[in-house]
Amino acid sequence: MSFFKKLKDKFTKSTDSVTEKFKQGLTKTRDNFTSKVNDLVARYRKVDEDFFEELEEILIQADVGFNTVMELVEELKMEVKKKNIQDPAEVQSVISEKLVEIYEGNNEAPNTINIQANGLTVILFVGVNGVGKTTTIGKLAHKYKNEDKKVLLAAGDTFRAGAIDQLEVWGNRVGVDVIKQGEGSDPAAVMYDAIQAAKARKADILLCDTAGRLQNKVNLMNELEKVKRVIEREIPGAPHEVLLVLDATTGQNAMVQAKTFKEATNVSGIVLTKLDGTAKGGIVLAIRNELQIPVKFVGLGEKMDDLQEFDAEKYVYGLFSNVIEQSQE
Ligand SMILES: Nc1nc2c(ncn2[C@@H]2O[C@H](COP(=O)(O)OP(=O)(O)OP(=O)(O)O)[C@@H](O)[C@H]2O)c(=O)[nH]1
Ligand SMILES: [Mg+2]
C-alpha cells in the first residue's frame, strides 16, 4: 500500500479538527511547494538525474535545509531503485513517506511536553522579540485550562513597555492569573514570586514569559540564565521545559537564532509559530534535523486553538492534501 493511501485512510475520512488545522495552516506552503512538485512530476516521463536535481532545488527553496535535502534525495534514489519506480507521479508518495521517516528517524528526544504527573510543571519560553512567545503562552494556557489544569502565568518580560499588560490581556481572556511586578523589575524576582504563588495555590502548570530584547545579546542570555537558576533552585528538576519560540516566516534567520540560544541555554523543544504565514514550511524539517531539537508545537494561525502539537504525519498530510484526496487508490 502506498504511503498516500495510508494517509488517505487515516485522515481524509475522519473529520479530525486537528488535521484540518494543519491543512489550513499549511495552505501557503502547499500552494508553493506542492504545486511545484506536481508540476515537476507532470513534466517528466521518467525518474532520472535531472528530475532529482530539480526536486532538490524545490526542496531547498521550501527551506527544508541543504543537508536534509541531500539526505532525503539519497534515500529517494535508493527507494526508487529498489522498487523500480519509473513513473514520476509515484515518487510523490515516496517523498511524503521519506519526509515523515526523516523527521521521526532523527527523533531521539520526545515530541511531547514533559508534564509532571504530580506537582508543578514549569515551562520557560525564550526567543527574540516578536516571534510569538506571549501569544503562545496565551494559547497554551487556554489548552491546559481546557484540560482542567490549574495554570498560572509569570510576567518575566519586565523590559518592554506594555509586555506585562499584553500577558494580562491573555490571562483575562483565558481566565488564568498572572504573577507580575512593575516594569523594569528583576525578572528573576518575578519568577521567584511566581513559583511561591504556584506552590501556595497548588498550580499544575506555570508558564513563564521572558523578554525578547535587551540592550544586547549578552545581557539577554545572562538574564535568561539567572531566571533559570532561580527556577532550578526553588524546584529541583525545573524548568521541565525550555521552549525556544521561532518565527517560521524568518526562514534561515530562525536557524541562526536557534543556534545562538542552543549555545547559551538548554533548549528542550521548539515552538515554531506563524507556519500559516510562510510558503516555506519546510523549515520544520531543517530545524528538526539540523539542530537536533524537536518541534513540539506549531502555530497555524492567530486564533486561540491554532497552536497544535506537532505531528509529522499530519504535517505531511497538510503538505500533500490535495494530491492525496484526489488519488484514486
Ligand atoms: N499568523 C500567526 N501569527 C502569530 C502566530 N503566533 C504569534 N503570532 C503573532 O505574532 C505577533 C507577535 O507575537 P507576540 O506573542 O507579541 O511575540 P513575543 O515573542 O512575545 O514578542 P516580544 O514580547 O516583543 O518579545 C502577534 O501579532 C501575534 O498575533 C501564529 O502562529 N500565526
Ligand atoms: Mg512578549
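Just so you know, these numbers come straight off a predicted model, no measurement behind them.

Reading the values: the criteria
- Residues numbered from 1 in each chain as written.
- Chains lettered and ligands numbered in written order.
- Predicted model: local features only at pLDDT ≥ 70, side-chain atom pairs only at ≥ 80, totals over all residues.
- Heavy atoms only, no water.
- Buried < 20%, exposed > 50% of the residue type's maximum accessible area, 1.4 Å probe, protein only.
- Helix = DSSP H or I, 4+ residues; strand = E, 2+ residues; numbered from the N terminus.
- Near = heavy atom within 4 Å.
- Polar contact = N/O pair within 3.5 Å; in protein donor to acceptor, adjacent residues only side chain to side chain.
- Areas by Shrake-Rupley, 256 points an atom, 1.4 Å probe, with all protein chains shown as cover.
- 1 Å grid on protein atoms, 1.4 Å probe; cavity = no way out; pocket = protein on both sides within 12 Å on 5 of 7 lines; lining within 4 Å.
- Sits in = over half its atoms within 2 Å of the grid points.
- Points joined across faces, edges and corners; volume = space filled by probe spheres on them.
- Nonpolar A, V, L, I, M, F, W, Y, C, P; charged D, E, K, R; others polar.
- Salt bridge = Lys/Arg side-chain N within 4 Å of Asp/Glu carboxyl O.
- Axes fitted to C-alpha atoms, helices over the stretch in contact; angles between N-to-C directions.
- Parallel < 35°, antiparallel > 145°, perpendicular 65-115°, else oblique.
- Left-handed = near helix turned anticlockwise from the far one by under 90°.
- Contact = heavy atoms within 4.5 Å.

### Considering helix α12 (residues 283-291)
Burial of α12 is extensive: eight of the nine residues sit out of reach of the surface. All of the buried residues along α12 are I283, V284, L285, A286, I287, R288, N289 and L291. Trailing α12 by a residue or two, Q292 shows a phi angle of about 60 degrees, which is positive.

### Regarding the site of ligand 1
Close contacts around ligand 1 come from 20 residues, with K133, T134, T135, D276 and E302 the closest. Contact between ligand 1 and R160: an oxygen atom at 2.9 Å from a side-chain N or O atom of the residue. Look at ligand 1: alone it shows 660 Å² of surface, and the protein chains cover 81% of it. In this structure, ligand 1 is accommodated by the largest pocket. At four residues, helix α7 (residues 133-146) tops the list of elements feeding residues into the shell around ligand 1.

### Side note on empty space enclosed by the protein
Rolled over the atoms, a probe sized like a water molecule indicates the empty space that remains. Inspection of the entire model under this criterion finds one cavity of 30 Å³ or more. The computed volume of the largest cavity comes to approximately 40 Å³. Lining the largest cavity are T29, F33, L59, A62, V64, L99, G281, G282, L285, Y315 and L319. Across the lining of the largest cavity, the residue classes tally to eight nonpolar, three polar and no charged.

### Here's the deal with the layout of surface pockets
Taken as a whole, the largest pocket spans an internal volume of roughly 360 Å³. Where the lining of the largest pocket is concerned, the elements lending two or more residues are α7 and β4 (205-210). The element that contributes the greatest number of residues to the lining of the largest pocket is α7, accounting for five residues. A class-by-class count of the residues in the lining of the largest pocket yields three nonpolar, 12 polar and nine charged. Estimated volume of the second largest pocket: approximately 180 Å³. If you trace the second largest pocket, you find it lined by M1, S2, F3, K6, K83, I85, E90, S93, V94 and E97.

### Observations concerning the pattern of salt bridges
A side chain of one charge can pair with a side chain of the opposite charge if their charged atoms are brought near each other. The final tally for this structure, using the stated rule, is 24 salt bridges. A salt bridge links K143 to E147, with the shortest nitrogen-to-oxygen separation between them at 3.1 Å. For K143, a relative accessible area of 21% gives the class partly exposed. Classification of E147 by relative accessible area gives partly exposed; the value is 37%. The salt bridge partner of K143 is E309, with a shortest N-O separation of 3.0 Å. Here K143 is found in helix α7, whereas its partner E309 is found in strand β8 (residues 307-309), with 166 residues between them in sequence. For E309, a relative accessible area of 40% gives the class partly exposed.

### Here's the deal with the packing of helix α3 (residues 27-43) against helix α13 (residues 312-326)
A pair of packed helices is characterised by two quantities: the angle between their axes and the separation of those axes. Packing of α3 against α13 brings their axes to within 9 Å, and their N-to-C directions diverge by 55 degrees. In terms of their interaxial angle, α3 and α13 are classed as oblique. Pair α3 / α13 crosses with right-handed handedness. Contacts between α3 and α13 pair T29, R30, F33, T34 and N38 from the former with G318, L319, F320, S321, N322 and V323 from the latter.

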